[in-house]
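What the coordinates show
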Amino acid sequence: MSTIFSENLRKFRNQKKLTQEQVAEILGVTVQTVSRWECGNALPDVLRLPDIAKLYCVTVDDFYKSNSVAYRNYAERLTAVYKKTDLPEDFLAAEFEFRKLINSSNMTMRDMFNYALLNDLMYVDSRRKAREWYERIIARDYREDPQSYYNALDFKMRIEREAGDGYDEIIPYLKDRVKRDKNNPLEWASLCESLYYCDCYDELESTAKEAIKLFPECGVLYIHLGSAHNHFGRYNEAIECYETAEKLGVEGHSGLWNKAWCYDYMGEYEKSYNTWLELVNLYKNEGLENEAEMAKHNADEVKAKIK
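Here's a quick rundown of the structure.

Conventions and cut-offs
- Residues numbered from 1 in each chain as written.
- Predicted model: local features only at pLDDT ≥ 70, side-chain atom pairs only at ≥ 80, totals over all residues.
- Heavy atoms only, no water.
- Salt bridge = Lys/Arg side-chain N within 4 Å of Asp/Glu carboxyl O.
- Buried < 20%, exposed > 50% of the residue type's maximum accessible area, 1.4 Å probe, protein only.
- Helix = DSSP H or I, 4+ residues; strand = E, 2+ residues; numbered from the N terminus.
- Axes fitted to C-alpha atoms, helices over the stretch in contact; angles between N-to-C directions.
- Parallel < 35°, antiparallel > 145°, perpendicular 65-115°, else oblique.
- Left-handed = near helix turned anticlockwise from the far one by under 90°.
- Contact = heavy atoms within 4.5 Å.
- Nonpolar A, V, L, I, M, F, W, Y, C, P; charged D, E, K, R; others polar.
- Core = buried A, V, L, I, M, F, W, Y, C linked by side-chain atoms within 4.5 Å.
- Phe/Tyr/Trp six-rings, centres within 6.5 Å; stacked < 30°, edge-to-face > 60°.
- Arc of directions from axis to C-beta.

Next up on the list: the pattern of salt bridges. Throughout the structure, instances matching the rule amount to 24 salt bridges. Its salt-bridge partner being Arg143, residue Asp141 comes within 2.8 Å of it at the nearest N-O pair. Owing to a relative accessible area of 37%, Asp141 belongs among the partly exposed residues under this scheme. Note that Glu187 and Arg177 form a salt bridge whose closest N and O atoms lie 2.9 Å from each other. Within this pair, whereas Glu187 is found in helix α10 (residues 185-197), its partner Arg177 is found in helix α9 (residues 167-180), the two being separated by ten residues in sequence. Residue Arg177 is classed as buried on the basis of its relative accessible area of 8%. Put simply, Arg131, Glu135, Lys156 and Glu160 are held in one network by salt bridges that share partners.

In structure tokens form, the structure reads like this:
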């Protein structure tokens, strides 16, 4: 008796323009076996279903749906699955299939579009999840973990800027937070962070200077003031700010990191190279191998500029 399963087996084969003989050869079975599957007189072994699904560029679930169609390739089908589920494991499955296409050098323009779409969907979903978890952190008392709290606030603001919210929406909100908690240096730092990403360098400079008068021992404020100096081409002033930040123990050695880039902008490649090497050694001593590797990569790039 014919079933949806057997009808789909026949439909998918025809959509892929394969004969029963070709399917039998690919799957390592007899033509009679393929015929019995399609007539509903027998069922494939359950362990064989994933191979049949890949052959027809569908998922195993598609065999049991009355409106299923065969896709051009398995990567395209898995992209459709991820579009529906938003599950990380479905993204990884599609990514794996696309990688095989990329390595084969046989990607069509449609394949390229589907690969771009897959990553676009992943980006949107990841940003949504990130914003959700940042908001969960911000809903808690910042005194529980001030650094994580204000990092979450900064990154949430960054997502909102990327989504189209700009100065008119974000900056007034952060200014109000500063007004309500003026004695909290991290509120000032968050405002400076958003002024920087909104390209408000004049206001960034004045705000950072005002904050430093109140909190001269807050290293991250010197990073922000250095960013303003850097933007206006006042590199020596920027370097002074970065050195002060490093002396104050700013997180992640961002003082040295910015100082290295500043030397690069100035064309002082040897000083930039030596600063990157200093970072490499610091990170290695702290057991931060990935950070050390990134700093070494930057050092190698700068070294190539030294004549």
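Structure's up, so let's keep going.
What follows is about the packing of helix α13 (residues 235-247) against helix α14 (residues 254-266). Close contact between α13 and α14 brings their axes to 8 Å; oriented N to C, the two are set at 160 degrees. Considering their axes alone, α13 and α14 lie roughly antiparallel with respect to each other. Here α13 runs over α14; the crossing is left-handed. Residue-level contacts link Tyr235, Asn236, Ala238, Ile239, Tyr242, Glu243 and Glu246 of α13 to Ser254, Gly255, Leu256, Asn258, Lys259, Cys262, Tyr263, Tyr265 and Met266 of α14. A per-class count over the contact of α13 with α14 returns nine nonpolar, four polar and three charged.

Among the nonpolar cores identified, the biggest contains 37 residues, and Leu153, Leu174, Trp188, Leu191, Leu195, Leu204 and Leu221 are the most heavily contacted of them. Those elements giving two or more residues to this core turn out to be α8 (146-162), α9, α10, α11 (201-214), α12 (219-231), α13 and α14. Counting 18 residues, the second largest nonpolar core, distinct from the first, contains Leu9, Ile52, Ala53 and Tyr56.

Note on placement: Leu9 falls in helix α1 (residues 4-15). Placed 20 residues apart in sequence, Leu9 and Val29 show a C-alpha to C-alpha distance of 15 Å. Once residues within four sequence positions are removed from consideration, Leu9 is found in contact with Trp37, Glu38, Ile52, Tyr56 and Phe63.

Further remarks concern the packing of aromatic side chains. All told, the structure shown has 16 aromatic pairs when counted by the stated rule. Plain terms: the ring middles of Tyr142 and Tyr149 are 5.9 Å apart, the flat faces sit at 55 degrees to each other, and that makes the pair tilted. According to the relative accessible area criterion, Tyr142 is partly exposed, its value standing at 28%. With relative accessibility at 8%, the residue Tyr149 sits in the buried group. Both rings, one in Trp261 and one in Trp276, keep their centres 5.2 Å apart while their planes meet at 80 degrees; by these two values the pair is edge-to-face. One end of the pair, Trp261, is in helix α14; the other, Trp276, is in helix α15 (residues 269-285), with 15 residues separating them in the sequence. Note on Trp261: relative accessible area 27%, which makes it partly exposed. Members of the aromatic cluster, joined through ring pairs, are Phe5, Phe12, Tyr56, Phe63 and Tyr64.

What helix α2 (residues 20-27) keeps buried is the set Gln20, Val23, Ala24 and Leu27. The buried residues of α2 occupy one face: seen down the axis, they fall within an arc of 100 degrees. Relative to its buried face, α2 has exposed residues pointing more than 90 degrees away, namely Glu25 and Ile26. Packing partners of the buried residues in α2 comprise α1, α3 (31-39) and α4 (49-55). Remark: Gly28 follows α2 within two positions and exhibits a positive phi of approximately 75 degrees.

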